[in-house]
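Report on the structure
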Amino acid sequence: MKVLLVDDSGVMRKIIARALHALWIENVVEAADGVEAIAAFGDGEGFDLILTDWNMPNMNGLELVTAIRGAGHRLPIIMVTTETEKGQVLKAIQAGINDYLVKPFDQETLIAKLEKALPNYQPG
Amino acid sequence: MTLCIDTEKLVRDAVDLSIREVFSMMIGEELSQNVVDGHDSLPPSPNKAEPSMTVLLGFTGDIQGSLSLSLSEHAAIHWTHALIDHETEEVDQTVIDAVGELGNMVVGGVKRRLAGSNLTMSLPTVIRASESSLVFPTSIVPIYIRYGFARHQMTFVIAIRSL
C-alpha cells in the first residue's frame, strides 16, 4: 500500500502519517505542494491513495486533483482541509475528490475515511 | 462605530467552540475557561516571567478584525508534543509550525461557524517575544478570553468590527 501525502504543513503531514502508520501503512510519500506531488507521483505506478491539503503554494490541492484526474488516474483522493465553504467543496467534488476531511479531526475519523477509501485494504 | 453586541457574541461563541474543538479532537484535552474580559477590562499584563508565542490571523468580509492566541513557550511545546510526540526542550521550527497550525485550525472553525459572513482569512503569523502585550487603536475594543489546559494558560484576543 502506497500513499501520496501532500500538505505544506510539516506538522499536518506528521499527524496524518501517524494515522497511516496506525493502519500499518508505512509506504508514505510526502510532498509539500502540488508541484512536488506531481513530481513524486510520476505516472502513478504503485500509488493507492492521495491525501491532499487545499491551500498550498506553487500548486494548490484543487489544481493537483484536476491534474491527476486529467491524466486519467482513478485512485481515491481525499482532500484534508479547513475549507468548508459550499461552493469550494462543490469545486473539489467536481474536480474529482472521493472524500473530504475537515480539520480539526480526530484519529478515529481519519482512520474511518481511510478505511472507506481503501475498502479492500488488509493490514499486515 | 459601536459593534453590534449580537455580532460580538456570535464571534466569541464561534471562537470558543472552535478552540475547544481543536484541543479536544487533536490532542484529546478539554479546556477550562478562567476569565472572559469585557470592554472595561485592561489588557492582560505581559508575562515577564516567561517568553511567549502569539499566533495572529486577520480576516475580512462582513466582519473585519483579527484573532490572536498567546501562550507561553512551555505551553507551545506541550501542545506540539501532545499533537505529534515531538520532543524538545526549546522552541524550534516544528513548535512554531504547530502553533501556526493551531491558529489555522481555530480560524478555520470560526470561519465554518460564521459561514454566512463571507469571511476571508489571512495566513497565520507566529510571533515570539520575551515580553509583549497586544494593544489596539482606540477604535477597536478587544475581547479577551483566557483558557487553561494541562497546567498552562493561553489568552485569546478577538478584535472585530462589522462593516
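About the criteria used
Residues numbered from 1 in each chain as written. Chains lettered and ligands numbered in written order. Predicted model: local features only at pLDDT ≥ 70, side-chain atom pairs only at ≥ 80, totals over all residues. Axes fitted to C-alpha atoms, helices over the stretch in contact; angles between N-to-C directions. Helix = DSSP H or I, 4+ residues; strand = E, 2+ residues; numbered from the N terminus. Left-handed = near helix turned anticlockwise from the far one by under 90°. Contact = placed C-beta atoms within 7 Å. Nonpolar A, V, L, I, M, F, W, Y, C, P; charged D, E, K, R; others polar. Buried ≥ 20, exposed ≤ 12 C-beta atoms within 10 Å, placed from the backbone. Pairing = 2+ DSSP bridges. Right-handed = clockwise from strand over helix to strand, strands pointing away. pLDDT = per-residue confidence, 0-100. Arc of directions from axis to C-beta.

Residues and elements named next belong to chain A. Two elements in contact, helix 1 (residues 10–22) and helix 5 (residues 107–117), have axes whose closest approach is 10 Å; the angle formed by their N-to-C orientations is 65°. Judged by the twist between their axes, the crossing of helix 1 over helix 5 is right-handed. Residues Ile16, Ala19 and Ala22 of helix 1 touch helix 5, and the partners they reach there are Gln107, Leu110 and Ile111. Partitioning the contact of helix 1 with helix 5 into residue classes produces five nonpolar, one polar and no charged.

The next subject is unusual backbone geometry. Residue and element names in this part refer to chain A. In this model, Lys103 is joined to Pro104 through a cis peptide bond whose omega is 0°. Tracing the sequence through the fold places Pro104 in the loop between strand 5 (99–102) and helix 5. At Trp24, a residue that is not glycine, the phi angle is positive and equals roughly 65°. Examined against the element boundaries, Trp24 turns out to sit in the loop between helix 1 and strand 2 (27–31). You will see that Asn58, though not glycine, has its phi angle at about 70°, which is positive. Looking at the element boundaries, Asn58 is found in the loop between strand 3 (49–52) and helix 3 (61–70). For Asn58, a count of 13 C-beta atoms within 10 Å puts it in the partly exposed group.

Residues and elements named next belong to chain A. Buried residues dominate strand 1 (residues 2–6), accounting for four of its five residues. By the bridge criterion, five bridges tie strand 1 to strand 2 in an arrangement that is parallel. Opposite Val6, over in strand 2, you have Ala31 as the bridge partner. Remark: the strand 1/helix 1/strand 2 crossover connection has right-handed handedness. When strand 1 meets strand 3, the two strands line up parallel, connected through four bridges.

Residues and elements named next belong to chain B. Put simply, chain B has an average pLDDT of 82, and 84% of its residues get 70 or more. The secondary structure element of chain B with the lowest average pLDDT is strand 1 (residues 32–37), at 66, and the one with the highest is helix 2 (residues 73–84), at 94. The ipTM, which scores confidence in the relative placement of chains, is 0.82 for this predicted complex, and the corresponding pTM is 0.85.

Quick look at the interface of chain A and chain B now. Across the contact, 13 residues belong to chain A and 15 residues belong to chain B. Looking at the side of chain A that touches chain B, its residues break down into five nonpolar, four polar and four charged.

Attention shifts here to helix 3 of chain A. Residue and element names in this part refer to chain A. Where helix 3 is concerned, the buried positions are Gly61, Leu62, Leu64, Val65 and Ile68. Taken down its axis, helix 3 places every buried residue within 160° of arc, on the same side. Contact partners of the buried residues in helix 3: strand 1, helix 2 (34–41), strand 3, strand 4 (77–81) and helix 4 (86–95). Count one or two residues on from helix 3 and you reach Gly72, which has phi positive near 95°.

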